[in-house]
Amino acid sequence: MTSTREEVEIGYDISNEFFRLWLDERMHYTSAVFDEQHSTLEQAQRNKSRWLADFAEIKPTSFVLDIGCGWGANLEYLVLDRKVENAQGVTLSKAQAEEIMARKLPGVKIWCVDYKDFAPTQKYDALTSIEMIDHLVSPKQQQEGLAIGIYREYFNKLAKWVKPGACFGFQAILRDRVPRTKKDLEDLKFTADVIFPGGLNPRLEELVAACGQSWEVVQLNTRRIDYGKTTAEWLRRFHLNKEKIMASGWGDKIMSNGETVWTNYDRYLTTCVRAFENHWSSDVQMKLRLKE
């Protein structure tokens with residue numbers, strides 16, 4: 001990954017309990033998928049995992065890898081809701097790996113490693129990856145025209161890890177329009193530099209160009225409105241738990257820009273809501289099938 005372990009830990013290792021206060025009960029830190037049957041954040045997050053598992057054609061007997069598995073929310077869905085017997089995950093965050101191991105999920109194995117250094121011992125039947133790819137390319141690499149090549153390396157590498165005919169349930173945050181005011185540009189830059197240093201969201205056309213060497217795009221759904229609803233609910237829960245966050249000491253912790261965790265995350269989540277509302281950002285789910 002372009003993002004180093006230290007940069008990843010800035011974004012994810014403040015405290016598992018801090019994130020637990022404003023994410024859903026399983027701690028998905030990615031866009032949910034809302035509909036009439038899945039209107040709460042918890043329901044919509046399980047619905048997101050259902051979409052991706054269906055895209056990957058996952059069965060109980062499937063041998064599955066989740067790349068960038070976070071705190072294990074999608075792995076938990078796979079083994080508890082879909083009854084998958086053998087699921088594995090890769091994360092670069094120590095705190096996330098510790099959370100997954102503490103959950104004692106049946107049939108789950110976890111590696112705390114950069115995906116580039118991961119070496120599977122056998123091929124998988126299916127893959128999932130949810131908003132991990134934004135850690136692969138830095139703003140500098142994108143400016144130098146390296147983005148599509150780095151994304152292509154990722155997709156080609158993963159293609160070698162699966163059996164013929166395998167499917168991949170893939171989700172990514174997207175860059176879309178560029179804001180036109182200085183304040184909006186500063187807020188987006190703050191999110192990239194302070195909350196998730198070292199990474200950059202791809203553009204949809206970059207992903208389509210990069211994956212096509214090894215994977216067929218079977219289906220593609222954009223989830224901009226869903227991510228707006230997701231981040232708005234995170235912000236609501238964040239404010240609802242302000243007393244607990246401040247009492248714990250997390251809120252007063254100073255981050256790299258000299259501001260507190262509370263100030264930075266309030267700005268970050270507020271910026272996210274505006275970004276999806278104004279088309280600065282979007283989200284995509286893709287069903288990919290390995291090319292023969």
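Quick caveat, the model's predicted, so the values are computed rather than measured.

Asks: Please clarify how the nonpolar core should be interpreted in this entry.
Replies: For soluble globular proteins, nonpolar side chains are generally found buried alongside one another. Formed by 35 residues in total, the largest nonpolar core has its most connected members in Tyr154, Phe155, Phe170 and Trp215. For this core, the secondary structure elements donating two or more residues are strand S1 (63–67), strand S4 (124–130), helix H7 (147–159), strand S5 (162–175), helix H9 (204–211) and strand S7 (281–290). With seven residues, H7 is the largest single contributor of residues to this core. Setting aside anything within four residues of it in sequence, one finds Phe170 in contact with Leu52, Ser129, Ile133, Tyr154, Phe155, Leu207, Val284, Gln285, Met286 and Leu288. Counting residues in hydrophobic clusters, the runner-up holds 30 residues, among them Leu23, Ala44, Tyr227 and Leu235.

Asks: Sorry if this is basic, but what is going on with the environment of Asn16 here?
Replies: Tracing the sequence through the fold places Asn16 in helix H2 (residues 16–20). For the pair Asn16 and Arg82, spaced 66 residues apart in sequence, the C-alpha to C-alpha distance is 25 Å. Excluding its chain neighbours within four sequence positions, the residues that come into contact with Asn16 are Met27, Trp71, Ala95 and Glu99. A polar contact is formed between the side chain of Asn16 and the side chain of Trp71, at a distance of 2.8 Å. For Asn16, the side chain forms a polar contact with the main-chain oxygen of Ala95, separated by 3.2 Å.

Asks: Hey, could you run me through the pairing of S7 in this one?
Replies: Where a strand is regular, its side chains alternate between the two sheet faces. With respect to burial, S7 is a largely interior element, nine of its ten residues being buried. Across nine bridges, the pairing between S5 and S7 is antiparallel. Looking at S7, one finds that Ile173 is bridged to Asp283. Here strand S6 (residues 215–222) runs beside S7; their pairing, made up of seven bridges, is antiparallel. If you follow Asn221 over to S7, its bridge partner there is Gln285.

Asks: Would you explain helix H4 (residues 73–81) in this entry?
Replies: Structural remark: α-helix, 3.6 residues per turn; residues separated by three or four positions point the same way. Counting buried positions along H4 gives seven out of nine residues, so the element sits mostly inside the fold. Within the sequence span of H4, burial applies to Ala73, Asn74, Leu75, Glu76, Tyr77, Leu78 and Val79. Where H4 is buried, its residues touch helix H3 (41–55), S1, strand S2 (86–91), helix H5 (94–103), strand S3 (108–112) and S4. Looking one or two residues beyond H4, the residue adopting positive phi is Lys83, at roughly 60 degrees.

Asks: Explain H7 to me, please; I cannot follow it from the model alone.
Replies: Here H7 spans 19 Å end to end across 13 residues, near enough to the 18 Å set by a 1.5 Å rise per residue. Among all positions of H7, only Ala147, Ile150, Tyr151, Tyr154, Phe155, Asn156, Leu158 and Ala159 are buried.

Asks: What am I meant to see in the packing of H7 against H9 here?
Replies: Any two packed helices are characterised by the angle at which their axes cross and by the distance between the axes. Interhelical geometry of H7 versus H9 gives an angle of 50 degrees and a closest axis separation of 8 Å. Comparing the axis directions of H7 and H9 gives the class oblique. Between H7 and H9 lies a crossing whose hand is right-handed. Listed contacts from H9 to Ala147, Ile148, Tyr151, Arg152 and Phe155 of H7 are Glu206, Leu207, Ala209, Ala210 and Cys211.

Asks: Which parts of the structure should I look at to understand the packing of aromatic side chains?
Replies: Given two aromatic rings, their pairing is described by the distance between the two centres and the angle made by the two planes. Inspection of every chain in the model, using the stated rule, returns 30 aromatic pairs. Their ring planes at 70 degrees and their centres at 5.1 Å tell us that Phe18 and Phe19 sit as a pair that is edge-to-face. Judged by its relative accessible area of 0%, Phe18 falls in the buried class. Look at Phe19 and you get buried, because its relative accessible area is 0%. Ring geometry for Phe19 against Trp71: centres 4.9 Å apart, planes inclined by 45 degrees, an arrangement best described as tilted. Residue Phe19 is located in helix H2, and its partner Trp71 is located in the loop between S1 and H4; the two are separated by 52 residues in the primary sequence. Residue placement shows Arg223 over the ring face of Trp51; its charged tip is 4.7 Å from the ring centre. In this arrangement the basic side chain of Arg267 is found over the ring face of Phe190, its NZ or CZ atom lying 4.2 Å from the centre.

Asks: Can you walk me through the environment of Ile110 in this structure?
Replies: Turning to its location among the elements, Ile110 is positioned in strand S3. Along the chain, Ile110 and Trp280 lie 170 residues apart, while their C-alpha atoms are 34 Å from each other. With residues up to four places along the chain from it excluded, the contact list for Ile110 reads Cys69, Gly89, Val90, Thr91, Ala97, Ile100 and Met101.

Asks: Teacher, can you tell me more about the packing of H3 against helix H10 (residues 224–240) here?
Replies: Closest axis-to-axis distance for the H3/H10 pair is 11 Å, and the angle between their directions is 140 degrees. As far as their axial angle goes, H10 and H3 are oblique. Handedness of the H3/H10 crossing: left-handed. Every residue of H10 that contacts H3 at Leu41, Glu42 and Gln45 is listed here: Thr230, Glu233, Trp234 and Arg237. Class assignment for the residues of the contact of H3 with H10 results in two nonpolar, two polar and three charged.

Parameters and conventions
- Residues numbered from 1 in each chain as written.
- Predicted model: local features only at pLDDT ≥ 70, side-chain atom pairs only at ≥ 80, totals over all residues.
- Heavy atoms only, no water.
- Core = buried A, V, L, I, M, F, W, Y, C linked by side-chain atoms within 4.5 Å.
- Buried < 20%, exposed > 50% of the residue type's maximum accessible area, 1.4 Å probe, protein only.
- Helix = DSSP H or I, 4+ residues; strand = E, 2+ residues; numbered from the N terminus.
- Contact = heavy atoms within 4.5 Å.
- Polar contact = N/O pair within 3.5 Å; in protein donor to acceptor, adjacent residues only side chain to side chain.
- Pairing = 2+ DSSP bridges.
- Expected span 1.5 Å × (residues − 1).
- Axes fitted to C-alpha atoms, helices over the stretch in contact; angles between N-to-C directions.
- Parallel < 35°, antiparallel > 145°, perpendicular 65-115°, else oblique.
- Left-handed = near helix turned anticlockwise from the far one by under 90°.
- Phe/Tyr/Trp six-rings, centres within 6.5 Å; stacked < 30°, edge-to-face > 60°.
- Lys NZ or Arg CZ within 6 Å of the ring centre and 35° of its normal.
- Nonpolar A, V, L, I, M, F, W, Y, C, P; charged D, E, K, R; others polar.

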